[in-house]
Amino acid sequence: AQSVTQLGSHVSVSEGALVLLRCNYSSSVPPYLFWYVQYPNQGLQLLLKYTTGATLVKGINGFEAEFKKSETSFHLTKPSAHMSDAAEYFCAVTRGSSNTGKLIFGQGTTLQVKP
Amino acid sequence: GAVVSQHPSWVICKSGTSVKIECRSLDFQATTMFWYRQFPKQSLMLMATSNEGSKATYEQGVEKDKFLINHASLTLSTLTVTSAHPEDSSFYICSARWPGHSNQPQHFGDGTRLSIL
């Protein structure tokens, strides 16, 4: 079975500060990992994904994440937070190359950006 | 631009009414679509996998007769909440996976806010 744990349901940073959102996963097979962002009353927008290859993945809006198999982690970072980054962030996992497309989501992390 | 369109965005109706939500893939054909439910301040819970031309696959605990799914074409899946009651009030989101390799991500609609009075 697969699962995703996002450490910290709420993260608050100052504008311009480093953003770090934590995600740990559990999977018995090589996983595919995703980060999505959700703004109020909207669907989810893909930030980035890891499938195979390079473990440091760059996404949209300056975000990046690093797949660390030894730590079963896929933390999301951004060097400098912007007010527009305030939103809900979800980490998700699927069953890798044999996946049916089903996504298992973490609980979500609310990012607050203070001026 | 959006690759998955969901309609309507908001629905408010009386208890006992059936409500249909549409999910369309734009500019691509989606043999598989997914329906999620999201409660306030919570994560997304997969309800069912919608398969074009065949029956939907429901997750454990989801009532098939309550949440009817139809995937009649390669670009349209519908979710009908039958005889809706206040406890069915929620945010419903659909997604479709870009065709091709299994590493393609899902693209999400903007969701439907359903409020049952």
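The structure we're discussing is the one just above.
Residues numbered from 1 in each chain as written. Chains lettered and ligands numbered in written order. Predicted model: local features only at pLDDT ≥ 70, side-chain atom pairs only at ≥ 80, totals over all residues. Heavy atoms only, no water.

### What to know about the overall build of chain A
Stage number 1. What chain A contains, in helices and strands, is 0 helices and 11 strands.
Stage number 2. Reading the secondary structure of chain A in the N-to-C direction produces β-β-β-β-β-β-β-β-β-β-β.
Stage number 3. Whereas a compact globule of 115 residues would reach a radius of gyration of roughly 13 Å, chain A reaches 14 Å, a difference of no more than 12%.
Stage number 4. A principal-axis box enclosing the C-alpha atoms of chain A has dimensions of 45 × 30 × 20 Å.
Stage number 5. Counting every position in chain A, which comprises 115 residues, the buried fraction comes to 45%.
Stage number 6. A separation threshold of at least 6 residues defines the contact pool for chain A, and within that pool the share at least 24 residues apart is 57%.
Stage number 7. As displayed, chain A has an accessible area near 5,300 Å², and 53% of this comes from carbon and sulfur atoms. (Helix = DSSP H or I, 4+ residues; strand = E, 2+ residues; numbered from the N terminus. Rg over C-alpha atoms; globule rule 2.2 N^0.38 Å. Buried < 20%, exposed > 50% of the residue type's maximum accessible area, 1.4 Å probe, protein only. Contact = heavy atoms within 4.5 Å. Areas by Shrake-Rupley, 256 points an atom, 1.4 Å probe, with all protein chains shown as cover.)

### Looking at the state of the cysteines
Stage number 1. Considering all chains together, one arrives at 2 disulfides over all chains under this definition.
Stage number 2. There is a disulfide in this structure between Cys23 of chain A and Cys91 of chain A, and the S-S distance comes to 2.0 Å. For the disulfide bridge between Cys23 of chain A and Cys91 of chain A, the dihedral angle about the S-S bond is near -65 degrees, and by the sign convention the bridge is left-handed. One end of the pair, Cys23 of chain A, is in strand S3 (residues 19-26); the other, Cys91 of chain A, is in strand S9 (residues 87-94), with 68 residues separating them in the sequence.
Stage number 3. The class for Cys91 of chain A is buried, based on a relative accessible area of 0%.
Stage number 4. Residue Cys23 of chain B pairs covalently with Cys94 of chain B via a disulfide, S to S 2.0 Å. Residues Cys23 of chain B and Cys94 of chain B are joined by a disulfide whose S-S torsion is about 80 degrees; by sign, that bridge is right-handed. Of the two residues, Cys23 of chain B is situated in strand S3 (residues 19-25) and Cys94 of chain B in strand S9 (residues 90-97); the sequence distance between them amounts to 71 residues. (Disulfide = S-S within 2.5 Å.)

### What about the sheet that holds strand S1 (residues 4-7) of chain B?
All names here are of chain B.
Stage number 1. Taken in spatial order, the 4 strands of this open sheet run S1-S3-S8-S7, and their pairing is antiparallel. In this open sheet, the two strands that pair with only one neighbour each are S1 and strand S7 (67-73). Taking each pair of neighbouring strands and ignoring which way they run, the sheet shows an average axis angle of 15 degrees.
Stage number 2. Where S1 lies against S3, 4 bridges are found, and the strand directions are antiparallel. Residue pairing in the sheet places Gln6 in a bridge with Cys23 of S3. (Pairing = 2+ DSSP bridges. Axes fitted to C-alpha atoms, helices over the stretch in contact; angles between N-to-C directions.)

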